[in-house]
Each structure stands twice: as structure tokens, then as C-alpha cells.
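# Coordinate inspection notes
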Amino acid sequence: MDVLSDVVGTIRSGQPRATRVEWHSPWGMRFPGLSGAGFQVVLQGSCWLRIERVEPLRLNVGDVVFLPHGHEYVLSDRPETPVDDMTCGAALEPQAPPTCPGPVGEFVCDSEGARPRPRFGSASVGSPDGDPPSCTTVGGAYRTYAARPHPMLAELPRVVHLPAQVGRHQELTTAVGLLGLELDGPRHGGDTVVPALLEVLLMYILRAYLEGQPESACGWAGALSDPAVSAAVGAVHEDPAHPWTVAELGERAGLSRAAFSRRFTALVGRPPLAYVTWWRLTRARALLGESDAPISAIAARVGYGSQFAFANAFKREFGLSPGRYRAGFADAS
């Protein structure tokens, strides 16, 4: 089981959005906080990123920044440039329709009561006066489940900075280039190509970050690189409905029950069976939103023998019954 793909597929919700922007100096923009994760990529020129509790970062061509917790941040040509506020994308998309609140974040609506659509496009900010832009970026956001985030996402720093380096992250560089080209102007098939590239970009960002951590890293970076713990987590993700015991997971890991439990808890942040329960309910939450399978079938798929037991466990974890959660998700879409 590819645990990273499984985790990302479960924590992410709905369509991402992205905009290619040509910035003309002087310029500065404040991006509000969001219920999800944001990113910025520099295609041309350079700029500065400022975010609370982090030293200002100078970003150069090819640099990628990922903001996993959706904090407010500022992007500008110089640290001292006055900043404008961006409100719900209006600064970059003057004709943007209103945002509509949903149970897992915000999305753009075509019209009142209409199905949400992805937000892609390009924009120019500042007064060009015939001059080329001083900087070109691709920025955007992914909707994620803000409540009960997966610990892998929760433990990431406020800013993940992946500077451009010759010979490193080649796949990330390729994905960035393709995304920039697609957002440069409307093209046939763009509504299919752009979301796919954004999914690839997110995976490459997380892969590059995890692979850049030392072998002695704690948390999920350490868990995925630890053969014993990774084997156990992979088994749980592959078959969440199995009646797992600590002893059986320890056997999968090739460790004694006690040694496995200590190592798993230290790296993952919760005991083995607590993680089993949490993952079952997290997987069930995703299934409630992405499928129309009966709740009883979802309960069985994630290891609950009765719909009643599943409903009680789900409500304890997320504060809503499975039926009410599904109804809210359907209303939002």
C-alpha cells in the first residue's frame, strides 16, 4: 500500500484552484487565511514571502512554497512595499462569483444554488505601462478537511520552502512548468488537465519534503522511512476492516509486541490501535463524501460490525452522525 497516496487522497477534498499572475512593480498582496493548504511557485523574477513567526523568505525562479495550514501571508516585490488585501479572489479575478461556505471549506459557485466549479485562470496586477512583469507566479489552494487533520499534515511547518536546485526535484520542476503553461490562457481540456496537474504538484511537494528529512526524523517523516512502522501502517491502510491486534501488527513489523508499540507510538503520535480506529473513521468520512454507498456498507468496509456502533464512533470523532455529515456534504455540492 502506498501510504502517502492514501493519506493525501483522504485529507484532500473537492477541486483545488490556481491562478497564474503577472506582477508589475511596485506590488504587494496579502492573501487571507483559508480552510485548506496554499502554495506559490515563482516562474519568472523574484519576490518576498512574509508570514507570521517566520523570517521573510526571498523566492527566486523555480522556488516552491507550500503553506499546509492555510495561514495568512504576504507576497511582494520588496519587503517594504505597501500591501493590498485580497478578498475571496476579487483582486485577481475581478469578475469572480461569490464564495459559498461548505462543511469542508469554500468553493466558487457558478450561480445561486449551482454546483461548485474549480477556479483557474490568469491575471495581471499593477500598472504595466508597457513594461514586462517583474515577477510571474502560480499560486493556489487545496481544500482539506480542517477538522481532525491527518497528523502528517498537522506536523508540517508553517511554510515548506523547496528552493530550486539543479538536479533535484526534477519531477516537481516539470509539473510546475506544465501548470504555468496551462494557466497562461484558456485551452481545450484545461478543466481536466489543470486539476490533474495540481494533484501531481501536491504529491511532488510532499514527496520532496519527506525525502529531504534526515533518517533520524521523528513524526510521519520518520514513520514512512522506518521499515517496521511503515509496514504496519501500510497493512492498516490496505485492509482497515481487518480486526487488527497490536501483536499481529507487531508481527508485520518484525518486532515484539512491546517494542513495536513503543516505536509506533513514538513516530506516529498515537498507539497502534488508536491509529487503526482513527484511520477507519477518516476513511469512512471520505467515503461518505465521494460515494453514494449505503452507510451500512461503509461501516462494514471500514471494520464495524453494526451501523449503530459505527454511527456512535463517527459522532464521537467528528461531532455529526454519518447521515448528517453526508447530507451537509451533499448540500454543499
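Use the structure listed above.
### What about the sheet that holds strand S2 (residues 28-31)?
An order of S5-S4-S7-S2-S8 is seen for the 5 strands of this open sheet, with the pairing classed as mixed. Only two strands of the sheet have a single neighbouring strand rather than two, namely strand S5 (54-59) and strand S8 (84-85). As defined by bridge partners, S2 adjoins S8 across 2 bridges and the pair is classed as parallel. Paired with Arg30 across the two strands is Asp85, which belongs to S8.

### Things to note about the nonpolar core
In this structure, Phe39, Phe66 and Leu179 are the most contacted members of the largest nonpolar core, which totals 56 residues. With 11 residues, the single largest contributor to this core is helix H4 (residues 190-211). Residues within four places of Phe66 in sequence aside, it is in contact with Ala37, Gly38, Phe39, Tyr142, Leu156, Arg158, Val159, Val160, Leu202, Ile205 and Leu206. Within the second largest apolar cluster, 18 residues are counted, among which are Leu67, Tyr73, Cys135 and Val159.

### Overview of the packing of aromatic side chains
For the structure on display, the rule yields 12 aromatic pairs. For the pair Phe310 and Phe314, a centre-to-centre distance of 5.8 Å together with 55 degrees between the ring planes defines the contact as tilted. Of the two residues, Phe310 and Phe314 are both situated in helix H11 (residues 307-318); the distance of 4 residues between them amounts to about one turn of the helix. Its relative accessible area of 0% is what places Phe314 among the buried residues. Members of the aromatic cluster, joined through ring pairs, are Trp220, Phe260, Phe264, Tyr275, Trp278 and Trp279.

### Considerations on the pattern of salt bridges
For side chains bearing opposite charge, pairing can occur when the charged atoms are close. Inspection of every chain in the model, using the stated rule, returns 8 salt bridges. The shortest N-O distance in the salt bridge between Asp184 and Arg20 comes to 3.1 Å. Linking Asp184 in the loop between helix H3 (170-183) and H4 with Arg20 in strand S1 (residues 17-23), this pair joins segments that are 164 residues apart in sequence. Take Asp184: its relative accessible area is 45%, and that puts it in the partly exposed class. Residue Arg20 is classed as buried on the basis of its relative accessible area of 15%. For Glu182, the salt bridge is made with Arg187, and the minimal N-O distance between the two is 3.8 Å. A relative accessible area of 17% places Glu182 in the buried class. Of the residues examined, Arg187 reaches a relative accessible area of 52% and is grouped as exposed. Among the charged side chains, a network of salt bridges with common partners joins Arg20, Glu22 and Asp184.

### Notes on helix H7 (residues 246-253)
When we look at burial in H7, the residues that qualify are Val246, Leu249, Gly250 and Ala253. Summarising the axial view, the buried residues of H7 lie within an arc of 105 degrees, below the 170-degree limit, and thus occupy one face. Contacts from the buried residues of H7 go to helix H6 (227-238), helix H8 (257-268) and helix H9 (272-290). Directly after H7, the chain includes Gly254, whose backbone phi takes a positive value near 75 degrees.

What counts, and at which threshold
- Residues numbered from 1 in each chain as written.
- Predicted model: local features only at pLDDT ≥ 70, side-chain atom pairs only at ≥ 80, totals over all residues.
- Heavy atoms only, no water.
- Pairing = 2+ DSSP bridges.
- Helix = DSSP H or I, 4+ residues; strand = E, 2+ residues; numbered from the N terminus.
- Core = buried A, V, L, I, M, F, W, Y, C linked by side-chain atoms within 4.5 Å.
- Buried < 20%, exposed > 50% of the residue type's maximum accessible area, 1.4 Å probe, protein only.
- Contact = heavy atoms within 4.5 Å.
- Phe/Tyr/Trp six-rings, centres within 6.5 Å; stacked < 30°, edge-to-face > 60°.
- Salt bridge = Lys/Arg side-chain N within 4 Å of Asp/Glu carboxyl O.
- Arc of directions from axis to C-beta.

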